[in-house]
Amino acid sequence: MRPYGYLAALALVGFGLAGFYFLTPPAPASAPEVLPEYFAERTSDCDVDLLNLSKSDAGPFKRVLPVGANQPDERLRRNVWEQGRYLVRGRFTGKVREFQECASFPEFEVLDFKPWGPVQRCASPGALDADLLTYTGDLPEDRYAPEDFLDGPWPPLIDDGSCRPAAACALDKRRADSQGSIENVIDGEELPSLDGRFCHPVTCEPGEKQVNGCSGVIWCCRLQPPDEPPHP
């Protein structure tokens, strides 16, 4: 074969390969996994913290065992996650955990979460748990604040001895049928009814803060001066 014939043959092969490339583009890189979003409520059973999970905000809900480092009760302060309703993304691990012959729950790995509805925070005048004596009422309700997280700044502390009951509302203001469930007497003093009929506007005295109690009672309390945070 003459040199120019050899070169022409190579050119034809090159054009053929180029045409094949453009007619058959490379396969696209695999798209990242899109995980569904679930409506979730905090609940418990068998002395275990669980999530009630549903694809719809109207249910039906299924109790699952949250796992992973990003589950709400591993990230949020107790007085936030105990009242929590969430939109969560994650996946079922395929495992089922059984607890002391009480019940079994499928594992659900929570990868991220955000509030479902307004963030509800509470405090507990009279509580022995220092975490429940933190006041978090002056924070936005449409999102979590840094003070809501365990690794965030400490919210102000309630001056427990200054608290006085001012009103009572349903325990969860997102639900009209929510009721308080703790005892109605603290230190021998009867508290306002917890049936939701006394949700009148509360006006605290100068220097006091309105504190939403975890029991549904609304208190007026003074805050402790900023100091070192309590030890857990």
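Every chain is numbered independently, its residues counted from 1 as its sequence is written. Confidence filtering applies because this is a predicted model: local features only for residues at pLDDT of at least 70, side-chain atom pairs given and counted only at 80 or more, and all residues used for totals across whole chains, interfaces and linings. Excluded from the side-chain calculation are hydrogens and water; included are all heavy atoms of the structure.

### Quick notes on the overall build of the protein
Line of reasoning, step 1. Along the protein, the regular secondary structure elements total three helices and ten strands.
Line of reasoning, step 2. Helices and strands in the protein line up, N terminus first, as α-β-β-β-α-α-β-β-β-β-β-β-β.
Line of reasoning, step 3. Buried means the residue's accessible area, taken with a 1.4 Å probe over protein chains only, is under 20% of the maximum for its type, while exposed means over 50%, and partly exposed covers the values in between. Across the 232 residues of the protein, 37% fall into the buried class.
Line of reasoning, step 4. Residue contacts are counted whenever heavy atoms from the two residues lie within 4.5 Å of one another. Long-range pairs, those at least 24 residues apart, make up 60% of the contacts in the protein between residues at least 6 apart in sequence. By the criteria applied, helices consist of DSSP H or I runs no shorter than four residues and strands consist of E runs no shorter than two, each listed in order from the N terminus.

### Description of the sheet that holds strand β10 (residues 217-221)
Line of reasoning, step 1. Here a strand pair is declared whenever DSSP counts at least two bridges between the two strands. Overall, antiparallel pairing links the three strands, which are arranged β6-β10-β9 in an open sheet. Where the open sheet ends on each side, the last strands, each with one partner, are β6 (164-168) and β9 (209-212). Strand-to-strand twist of the sheet, defined as the mean angle between neighbouring strand axes without regard to direction, takes the value 30°.
Line of reasoning, step 2. Summarising the sheet, β6 and β10 pair through four bridges and their orientation is antiparallel. Residue pairing across strands places Ala-168 opposite Val-217, the latter belonging to β10. Fitted lines through C-alpha atoms serve as axes, helices being fitted only where they are in contact, and the angles separating the N-to-C directions of these axes extend from 0 to 180 degrees.

### Points about the pattern of salt bridges
Line of reasoning, step 1. By convention in these notes, a salt bridge is any Lys or Arg side-chain nitrogen within 4 Å of a carboxyl oxygen on Asp or Glu. All chains considered together, the criterion is met by 13 salt bridges.
Line of reasoning, step 2. When the shortest N-O distance is used, the salt bridge between Arg-63 and Asp-45 registers 2.5 Å. Taken as a pair, Arg-63 in strand β3 (residues 62-67) and Asp-45 in strand β1 (residues 37-45) lie far apart in primary sequence, 18 residues in all.
Line of reasoning, step 3. With relative accessibility at 35%, the residue Arg-63 sits in the partly exposed group.
Line of reasoning, step 4. For Asp-148, the salt bridge identified is with Arg-121, shortest N-O distance 2.8 Å. Linking Asp-148 in the loop between β5 (103-115) and β6 with Arg-121 in the loop between β5 and β6, this pair joins segments that are 27 residues apart in sequence.
Line of reasoning, step 5. Here the residues in one salt-bridge network are Glu-37, Arg-89 and Lys-114, joined through shared partners.

### Looking at the confidence of the model for the protein
Line of reasoning, step 1. Per-residue confidence for the protein gives a mean pLDDT of 77; residues scoring 70 or more make up 69%.
Line of reasoning, step 2. For every residue, the predictor reports its confidence as pLDDT, a number between 0 and 100. Within the model, the stretch residues 176-197 combines pLDDT values under 50 with 36 contacts to residues more than four positions away or in other chains.

### Some remarks on unusual backbone geometry
Line of reasoning, step 1. The omega torsion of the bond from Gly-59 to Pro-60 falls at 5°, within 30 degrees of zero and hence cis.
Line of reasoning, step 2. With respect to the helices, strands and loops of the structure, Pro-60 is situated in the loop between β2 (48-54) and β3.
Line of reasoning, step 3. Phi is positive for Gln-100, which is not a glycine, with a value near 45°.

### Some points on the nonpolar core
General note: in soluble globular proteins, nonpolar side chains tend to be found buried as a group.
Line of reasoning, step 1. The biggest cluster of nonpolar side chains holds 16 residues, and the ones touching the most others in it are Leu-53, Leu-76, Tyr-86, Val-88, Phe-108, Phe-113 and Tyr-144.
Line of reasoning, step 2. Of all the elements in the fold, those that place two or more residues in this core are β1, β2, α3 (78-81), β4 (85-99) and β5.
Line of reasoning, step 3. Examining the composition of this core, we find that three residues originate from one element, β5, more than from any other.
Line of reasoning, step 4. Excluding residues that lie within four positions of it along the chain, Tyr-144 makes contacts with Leu-76, Val-80, Arg-85, Tyr-86, Phe-113, Lys-114, Pro-115, Val-119, Arg-121 and Phe-149. In plain words, nonpolar cores are sets of buried Ala, Val, Leu, Ile, Met, Phe, Trp, Tyr and Cys residues tied together by side-chain atoms within 4.5 Å.

### Focus: the environment of Cys-214
Line of reasoning, step 1. Inspection of the secondary structure assignment puts Cys-214 in the loop between β9 and β10.
Line of reasoning, step 2. Residue Cys-214 is classed as buried on the basis of its relative accessible area of 17%.
Line of reasoning, step 3. Separated by 91 residues in sequence, Cys-214 and Ala-123 have C-alpha atoms that sit 5.6 Å apart.

### Considering the state of the cysteines
Linking two cysteines covalently through their sulfur atoms gives a disulfide.
Line of reasoning, step 1. For the purposes of this analysis, a disulfide is any pair of cysteine sulfur atoms at a distance within 2.5 Å. The tally for this structure, following the rule as stated, stands at four disulfides.
Line of reasoning, step 2. A sulfur-sulfur distance of 1.9 Å marks the disulfide that ties Cys-122 to Cys-214. What sets the handedness of the Cys-122 and Cys-214 disulfide is the S-S torsion sign, and at about 80° it is right-handed. Of this pair, Cys-122 sits in the loop between β5 and β6 while Cys-214 sits in the loop between β9 and β10, and the two are 92 residues apart along the sequence.
Line of reasoning, step 3. Cys-122 gets classed as buried once you look at its relative accessible area, which sits at 4%.

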